Amino acid sequence: MKKNTKKWSERFSEPTSEIVKRFNASVAFDQRLAMYDIEGSLAHAGMLNKQKIITAADLKSITKGLNQIKKEIQSGKFKWSIDLEDVHLNIEKRLTDIVGAPGKKLHTGRSRNDQVTTDMRLYLREVVDKSITQIEALQRAILTLADQHITTIMPGLTHLQIAQPISFAHHLLAYFEMLERDKARFQESYKRINVLPLGAAALAGTSYPIDRKYVAKLLKFDAVMANSIDAVSDRDFLIEFNFDASLLMTHLSRWSEELIMWSSPFFGFIEISDGFCTGSSIMPQKKNPDVPELVRGKVARVNGHLVSLLTLMKSQPLAYNKDNQEDKEPVFDVADTISDTLNIFAEMVAGLKVSKESMEAAAFKGYSTATDLADYLVKKGMPFREAHGVVAKAVKYAITQGCDLSELDLKVLQKFSTSIDQSVFKCLTLKGSVQSRNHFGGTAFGAVKAALKRAHEKLV
Ligand code: ARG
């Protein structure tokens, strides 16, 4: 019989089969947590010494060994082994190889169950910080573009039909607002990430006289998890992060869809710079908006991971279960996807070329000032429903003439209502329509300027 080579226990007399070894091992992906694992171990060892559970000499050896391992990993010299299952056991074994007996004391009062979730929290709080910074960079790119387009008029759409003329900057600021909420959600989630599970050990706590608050202080956690069972089994913070990322990606997919439409020759509103497009191997005229298309596509994997994590936790009995090893790959992929997406999106937005002329021409084409004519009649004393009917008839007539409402003669317009006079033309222009919506949150140039000012102030 082969010798037992299991790292966690002498209880077993038979070796693990190769297939189970591979199935069980997470080191291929969780080695990404190595630096956080070492950070957590240094704090744990520091606390063990402060509490006189290990000696100062032990702490010194452990610290020296862990720092050496850090260097080995950073320089790519560290040898990861799937026989050692995961990042935690790989590092612990190497520590013992380097420093001998003191290395074997590191795991006192600790379990991989509280260790792994501590690592994930240390990792995720950095991811969240970075995401917030990246969201702000994209918001800055939005504001730079919006600053140049306060008076650029485009057709505002509902049901993808021309609705009312709006300022392009106003449209851009809608995305600024969505990103503000995305940012707030990440900030809010930080509170629930930054709580220390260590000290829960396997699930019930430990009989050693540990000082969890001290470890929290060393690792800059705001608080200590209040229940040891919850501490090792909670993955809410990962699910919540994934949800926040899904909503962020959903917002970016909406904008991507618009960028794709706007850059098609049917719209011709914008041009995405060459670096963000590809050509076709068969159709020489093509310039494909691959980047926004991919962003639109990537929301699928982020949403898929959210369903994975929710399903992973569904019906899991307390406390830790090995199922939770499956939490890592989705979370890493979500973090990488949103980081790449935010980076590339900010650059793409900075390079957008905008065709004011096409936007205005499109707004002019679609009877986008019809509501303004109705409002004009209401101000002259007509009930709104009646005015709506009158304007519908005028639009129907203009369509037969192939012209805009503003291009009809006053005499013709008066056939639809005698209360129309020369002043009507002011409200039928695109600019007149936009300028009339001059209130907080509206699209008038002044209101947009004020919104931009508020937005800039939020980012300083
Ligand atoms: N690799 C494991 C995970 O990712 C670490 C915790 C394992 N704990 C255990 N009792 N087997 O969840």
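Below or above, wherever it landed, is the structure these notes cover.

Cut-offs used in this document
- Residues numbered from 1 in each chain as written.
- Predicted model: local features only at pLDDT ≥ 70, side-chain atom pairs only at ≥ 80, totals over all residues.
- Heavy atoms only, no water.
- Helix = DSSP H or I, 4+ residues; strand = E, 2+ residues; numbered from the N terminus.
- Rg over C-alpha atoms; globule rule 2.2 N^0.38 Å.
- Contact = heavy atoms within 4.5 Å.
- Areas by Shrake-Rupley, 256 points an atom, 1.4 Å probe, with all protein chains shown as cover.
- Core = buried A, V, L, I, M, F, W, Y, C linked by side-chain atoms within 4.5 Å.
- Buried < 20%, exposed > 50% of the residue type's maximum accessible area, 1.4 Å probe, protein only.
- Near = heavy atom within 4 Å.
- Polar contact = N/O pair within 3.5 Å; in protein donor to acceptor, adjacent residues only side chain to side chain.
- Nonpolar A, V, L, I, M, F, W, Y, C, P; charged D, E, K, R; others polar.
- Expected span 1.5 Å × (residues − 1).
- Pairing = 2+ DSSP bridges.
- Phe/Tyr/Trp six-rings, centres within 6.5 Å; stacked < 30°, edge-to-face > 60°.
- Lys NZ or Arg CZ within 6 Å of the ring centre and 35° of its normal.
- Axes fitted to C-alpha atoms, helices over the stretch in contact; angles between N-to-C directions.
- Parallel < 35°, antiparallel > 145°, perpendicular 65-115°, else oblique.
- Left-handed = near helix turned anticlockwise from the far one by under 90°.
- Salt bridge = Lys/Arg side-chain N within 4 Å of Asp/Glu carboxyl O.

Here the focus is the overall build of the protein. The number of helices and strands found in the protein is 19 helices and 6 strands. Taken over the C-alpha trace, the protein has a radius of gyration of 31 Å; the compact-globule value for 460 residues is 23 Å, which it surpasses by more than 25%. The dimensions of the protein, computed from C-alpha atoms along their principal axes, are 100 × 50 × 40 Å. Sequence-distant contacts, at least 24 apart, represent 74% of the contacts inside the protein between residues at least 6 apart. When the accessible area of the protein is evaluated, it comes to approximately 22,800 Å², of which 56% is carbon and sulfur surface.

A separate point is the nonpolar core. Of all hydrophobic cores here, the largest spans 99 residues; its most connected members are Y123, L124, L138, F241, W255, L259 and F345. By residue number, the principal contributor to this core is helix 6 (residues 112-147), which donates 14 residues. In contact with W255, not counting residues within four places along its chain, are L138, I142, L172, Y175, W262, F345 and V349. Core analysis: the next-biggest nonpolar cluster, separate from the first, contains 22 residues, L373, L405, C427 and L428 among them.

Attention now moves to the site of the ligand. The full set of residues close to the ligand is S26, D30, D86, H88, R112, N113, V116, Y320, Q325 and K328. S26 places a polar side-chain atom, nitrogen or oxygen, 3.4 Å from a nitrogen atom of the ligand. Note that a nitrogen atom of the ligand is positioned 2.9 Å from one of the side-chain N or O atoms of N113. It is helix 6 that provides the largest number of residues to the shell around the ligand, a total of 3 residues. Per-class residue counts for the shell around the ligand are 2 nonpolar, 4 polar and 4 charged.

Each α-helix winds once per 3.6 residues, and so residues spaced three or four apart point in a common direction. Taking 1.5 Å of rise per residue, 24 residues should cover 34 Å, and helix 11 (residues 290-313) covers 35 Å from first to last C-alpha, within 8% of that figure. For helix 11, every residue scored as buried is listed here: V291, P292, V295, V299, V302, H305, L306, L309 and L312. In the core, the buried residues of helix 11 are packed alongside helix 10 (236-263) and helix 12 (328-350). Immediately beyond the C-terminal end of helix 11, within one or two residues, lies S315, with a positive phi of roughly 65°.

Pairing analysis gives 6 bridges linking strand 1 (residues 153-158) to strand 2 (residues 161-167), with the strands arranged antiparallel. Within strand 2, the position partnered with L157 by the bridge is I162. Taking the residues that link successive antiparallel strands as the turn, the strand 1-strand 2 hairpin has 2 residues, and the phi of H159 there is positive, at about 55°.

Another point: the packing of aromatic side chains. Here the distance between the centres and the angle between the planes together describe a pair of aromatic rings. Counted according to the given criterion, the structure contains 9 aromatic pairs. Consider the rings of Y175 and W255, whose centres lie 4.7 Å apart with planes at 10°: the pair is stacked. Of the two residues, Y175 is situated in helix 7 (residues 168-193) and W255 in helix 10; the sequence distance between them amounts to 80 residues. Summarising the aromatic geometry, the rings of W255 and F345 are spaced 5.3 Å apart at their centres and angled 50° between planes, so their arrangement reads as tilted. With a gap of 90 residues between them, W255 in helix 10 and F345 in helix 12 connect regions that are remote in the sequence. Grouping residues by exposure puts W255 and F345 together as buried. Taken together through their ring pairs, the aromatic side chains of Y36, Y123 and F332 make up a single cluster. The ring of F332 has R32 sitting right over it, with the charged end atom 4.8 Å from the ring centre.

Before going further, it helps to spend a moment on the packing of helix 7 against helix 10. The geometry of helix 7 relative to helix 10 is characterised by a closest axis approach of 9 Å and an angle of 170° between their N-to-C directions. Here helix 10 runs roughly antiparallel to helix 7, going by the angle between their axes. For the pair helix 7 and helix 10, the sense of crossing is left-handed. Along the lines of polarity and charge, the residues of the contact of helix 7 with helix 10 split into 16 nonpolar, 3 polar and 7 charged.

Okay, the packing of helix 3 (residues 34-50) against helix 5 (residues 87-99) next. Between helix 3 and helix 5, the least distance of the axes is 10 Å, while the angle of their chain directions is 60°. By the angle between their directions, the pair helix 3 and helix 5 is classed as oblique. The way helix 3 lies across helix 5 gives a crossing that is right-handed. Contacts between helix 3 and helix 5 involve A34, D37 and I38 from the first element and V87, H88 and I91 from the second. Considering only residue class, the contact of helix 3 with helix 5 consists of 4 nonpolar, 1 polar and 1 charged.

With that out of the way, let us pick up the pattern of salt bridges. For side chains bearing opposite charge, pairing can occur when the charged atoms are close. Per the counting criterion, the structure on display carries 25 salt bridges. As a salt-bridge pair, E257 and R296 come within 2.4 Å of each other at their nearest N and O atoms. With a gap of 39 residues between them, E257 in helix 10 and R296 in helix 11 connect regions that are remote in the sequence. Its relative accessible area of 32% is what places E257 among the partly exposed residues. With its nearest N and O atoms 2.9 Å apart, the salt bridge here joins D421 to K380. Of this pair, D421 sits in the loop between helix 16 (410-416) and helix 17 (424-428) while K380 sits in the loop between helix 14 (370-379) and helix 15 (384-401); the two residues are 41 residues apart in sequence, bridging distant segments of the chain.

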